[in-house]
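Chains, contacts and geometry: an overview
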Amino acid sequence: LHGNATSGHMAAEKTLQRSHQLCYWPFMSRDIHAWCEKCHSCQARRTPVPRPQAPMKSIVADKPFQDYFTKYVNLFALPDQRAMTVAKCLFENYVQEHGVPESLLLEHSGEWDDYLNQVALAYNTSTHSSTGFTPFFLTHGREARLPADVMFRCMSGVPRSTPGTPADYAAMLVKKFQSAFTAAALNTHQARLQQKEAYDRHVNHHPYEKGDLVWLHDPTTTRMKLTPHWKGPFEILDCLGATGDETGMNYRIRYLLEPEAKAQVVHYK
Ligand SMILES: [Zn+2]
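No experiment lies behind these values; they were computed from the predicted model shown.

**Some details on the overall build of the chain**
Looking only at helices and strands, one finds eight helices and six strands in the chain. Counting helices and strands in the order they occur from the N terminus, the chain gives α-α-α-β-β-α-α-α-α-α-β-β-β-β. Burial statistics for the chain: of 269 residues in total, 16% are counted as buried. Long-range contacts, defined as pairs at least 24 residues apart, comprise 54% of the intrachain contacts of the chain with a sequence gap of at least 6.

Spelled out as structure tokens, the structure:
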């Protein structure tokens with residue numbers, strides 16, 4: 001459910017939502033939150049700074065082709081990034097299945113190639129925090145059946161059937177999409193408001209105290225996309241206060257995984 005090839009390292013809420021579709025145990029939410037909280041790869045990969053949403057209206061494509069509304073992602077490895085190569089890939093792999101896209105997201109990354117399908121599947125079958133639905137559901141009108149589903153369904157023996165005629169099925173899909181799209185649009189709007197709130201809270205930093213454990217992000221070190229963002233844990237030794245007109249605080253911290261390491265002074269921004 002968390003940390004394997006088809007699930008990826010999704011956040012606790014997403015892991016919980018994914019798990020709820022399959023099984024239940026008492027204190028499930030608490031257990032899953034604790035599990036994800038302790039997952040070292042997850043902590044090290046948290047995104048350092050809230051980034052504003054980039055406008056995604058134009059058709060530009062490199063690797064992830066993402067639908068703006070459903071958040072459905074298609075990942076393709078390209079030999080180069082010439083317009084012809086991109087267009088050919090787009091037509092052969094995407095248009096055949098989904099039709100001509102209205103909006104796509106462009107992103108560069110070289111390290112993904114070996115994991116493209118796994119990354120896309122994990123992403124598309126996880127509930128998206130903005131829409132409240134999985135991209136797979138908003139695209140296909142049903143959830144994907146994954147290895148974990150096969151495993152759990154076997155035990156619970158829940159049968160799955162498609163009702164009535166193709167026309168019945170189409171009518172049901174239309175109805176399902178209408179309510180899902182309305183809800184997704186509302187959720188997306190709500191998520192934007194929450195993101196703004198979280199950003200404002202981040203700007204008003206509540207100072208750490210001596211003894212607190214923190215993760216350190218060093219934006220000056222060049223990093224590959226998939227290497228961790230954060231190093232830690234560090235212990236806060238002292239709070240040195242603010243410097244001049246700058247926002248944020250200075251702290252003296254010590255890296256706990258290397259007992260010999262010297263304390264260092266860092267700036268919280
Ligand atoms: Zn994890």
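**Points about helix α1 (residues 12-20)**
For α1, the complete set of buried residues consists of Lys 14, Thr 15, Leu 16, Arg 18 and Ser 19. On its buried face, α1 is in contact with α2 (28-38).

**What about the packing of α1 against α2?**
Running from N to C, α1 and α2 cross one another at 135 degrees; their axes reach a closest spacing of 9 Å. Classified by the interaxial angle, the pair formed by α1 and α2 is oblique. As α1 runs across α2, the sense of the crossing is right-handed. On α2, the residues that touch Ala 12, Thr 15, Leu 16 and Ser 19 of α1 are Met 28, Ser 29, Ile 32, His 33 and Cys 36.

**Quick look at the sheet that holds strand β4 (residues 230-241)**
Taken together, four strands build an open sheet; the order of strands is β3-β4-β5-β6 and the sheet is antiparallel. Edge positions in the open sheet fall to β3 (213-217) and β6 (264-268), since each of these has one partner strand only. Pairs of neighbouring strands in the sheet enclose a mean axial angle of 55 degrees, with direction left out of account. Note that β3 and β4 share four bridges and pair antiparallel. Within the sheet, the bridge partner assigned to Leu 213 lies in β4 and is Glu 235.

**Side note on the nonpolar core**
The nonpolar side chains of a soluble globular protein tend to be buried, and buried together. In this structure, Tyr 72, Val 73, Leu 75, Ala 120, Ala 122, Tyr 123, Phe 133, Phe 136, Phe 137, Leu 138 and Ala 184 together form the largest nonpolar core, which totals 11 residues. For this core, the elements supplying multiple residues, two or more each, are β2 (73-75), α5 (116-124) and α6 (135-140). Ala 122 has contacts with Thr 6, Ser 7 and Gly 8, leaving out every residue within four places of it along the chain.

**Remarks on unusual backbone geometry**
Pro 233 follows Gly 232 through a cis peptide bond whose omega is 5 degrees. For Phe 27, which is not glycine, the phi torsion reads 60 degrees and is therefore positive. Considering the arrangement of structural elements, one finds Phe 27 in the loop between α1 and α2. Residue classification places Phe 27 among the exposed residues on the basis of 9 C-beta atoms within 10 Å. For Lys 71, which is not glycine, the phi dihedral falls at a positive 70 degrees. Tracing the sequence through the fold places Lys 71 in the loop between β1 (64-66) and β2.

**Examining helix α4 (residues 83-98)**
When the local axis directions of α4 are compared, the greatest deviation, roughly 40 degrees, occurs at Phe 91. Directly beyond the C-terminal end of α4, a positive phi value near 85 degrees is found at Gly 99.

**Overview of the pairing of strand β5 (residues 249-255)**
Pairing of β4 with β5 involves six bridges; the strand directions are antiparallel. Bridge pairing links Cys 239 to Tyr 251 in β5. In terms of strand pairing, β5 meets β6 through five bridges, oriented antiparallel. For Asn 250, the partnering residue across the bridge sits in β6 and is His 267.

**Side note on the environment of Phe 234**
Note that Phe 234 resides in strand β4. The class for Phe 234 is buried, based on 23 C-beta atoms found within 10 Å. When the C-alpha atoms of Phe 234 and Gln 264 are compared, they prove to be 10.0 Å apart, with 30 residues separating the residues in sequence. Setting aside anything within four residues of it in sequence, one finds Phe 234 in contact with Val 214, Leu 216, Ile 253, Arg 254, Tyr 255 and Leu 256.

**Observations concerning the confidence of the model for the chain**
Scored by pLDDT, the chain has a mean of 78; 78% of the residues are at 70 or more. Per-element mean pLDDT across the chain ranges from 63 in β1 up to 92 in α2. The low-confidence segment residues 50-63, where pLDDT is below 50, has 27 contacts with residues more than four positions distant or belonging to other chains.

How each quantity is defined
Residues numbered from 1 in each chain as written. Predicted model: local features only at pLDDT ≥ 70, side-chain atom pairs only at ≥ 80, totals over all residues. Helix = DSSP H or I, 4+ residues; strand = E, 2+ residues; numbered from the N terminus. Buried ≥ 20, exposed ≤ 12 C-beta atoms within 10 Å, placed from the backbone. Contact = placed C-beta atoms within 7 Å. Axes fitted to C-alpha atoms, helices over the stretch in contact; angles between N-to-C directions. Parallel < 35°, antiparallel > 145°, perpendicular 65-115°, else oblique. Left-handed = near helix turned anticlockwise from the far one by under 90°. Pairing = 2+ DSSP bridges. Core = buried A, V, L, I, M, F, W, Y, C linked by C-beta atoms within 7 Å. Bend = angle between axes of the 7 residues up to and from the residue. pLDDT = per-residue confidence, 0-100.

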